[in-house]
Amino acid sequence: MRRGKRPRWMIDIAQERMDILFSLAEKEFSVNPLRSHRYVELARNISTKYNTKIPLKWRRRYCKNCHKFLQTGKNSNVRLISSEVHIKCHECNHIMKIPYIKEKKAKRRAKLESYLIQERANE
Ligand SMILES: [Zn+2]
């Protein structure tokens, strides 16, 4: 297939297929973890082939280093350290670090705005 950006409908189907694969991976993990790792691999193949991102809700559910499916409390743990979400993969001991400073700033801004609105109301 040609390289480059895919049409919208193709991307939609790819997204749906990745979602299905990850759902299966989650269901299968307790019974057959190897199979769920394989599902992640397939989803990643779709992602590269169709040049689309892994769905947002699943992006933290696999290891960026060894590409295995991660189940929090089973083969990974999550810690909040210095404004970052640290997701540790117990398969390869890789730690994924996702900053949450944006959310923190947004919260701060929302607080300030509500304060300003209150100020205005009091005038
Ligand atoms: Zn890993």
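The sections below set out a description of the structure shown in this document. (Residues numbered from 1 in each chain as written. Predicted model: local features only at pLDDT ≥ 70, side-chain atom pairs only at ≥ 80, totals over all residues. Heavy atoms only, no water.)

1. As for the overall build of the chain
Next, step 1: On a plain count of helices and strands, the chain comes out with three helices and three strands.
Next, step 2: Compactness check: the chain gives a C-alpha radius of gyration of 19 Å against a globular reference of 14 Å for 123 residues, more than 25% above the reference.
Next, step 3: Dimensions of the chain, computed from the C-alpha atoms along their principal axes, are close to 60 × 40 × 25 Å.
Next, step 4: Counting all 123 residues of the chain, 29% fall into the buried class.
Next, step 5: Here the contacts in the chain between residues at least 6 apart in sequence split such that 45% fall between residues at least 24 apart.
Next, step 6: Total accessible area on the chain is roughly 9200 Å²; 52% of this is exposed by carbon and sulfur atoms.
Next, step 7: Positive and negative charge centroids in the chain, built from 30 and 12 side chains respectively, lie 6 Å apart. (Helix = DSSP H or I, 4+ residues; strand = E, 2+ residues; numbered from the N terminus. Rg over C-alpha atoms; globule rule 2.2 N^0.38 Å. Buried < 20%, exposed > 50% of the residue type's maximum accessible area, 1.4 Å probe, protein only. Contact = heavy atoms within 4.5 Å. Areas by Shrake-Rupley, 256 points an atom, 1.4 Å probe, with all protein chains shown as cover. Lys, Arg positive; Asp, Glu negative; His and termini not counted. Charge placed at Lys NZ, Arg CZ, Asp CG, Glu CD.)

2. Considering the pattern of salt bridges
Next, step 1: Scanning the entire structure with this criterion turns up five salt bridges.
Next, step 2: The salt bridge partner of glutamate 26 is arginine 61, with a shortest N-O separation of 3.1 Å. Here arginine 61 lies in the loop between helix 2 (33–49) and strand 1 (76–81) and glutamate 26 lies in helix 1 (residues 8–28), a separation of 35 residues in the sequence.
Next, step 3: Looking at arginine 61, the relative accessible area reads 16%, which means it is buried.
Next, step 4: Ionic pairing is found between glutamate 28 and arginine 35, a salt bridge with its closest N-O pair at 2.9 Å.
Next, step 5: In this structure arginine 35 comes out as partly exposed when scored by relative accessible area, which is 41%. (Salt bridge = Lys/Arg side-chain N within 4 Å of Asp/Glu carboxyl O.)

Any link to function would need more than the numbers given here.
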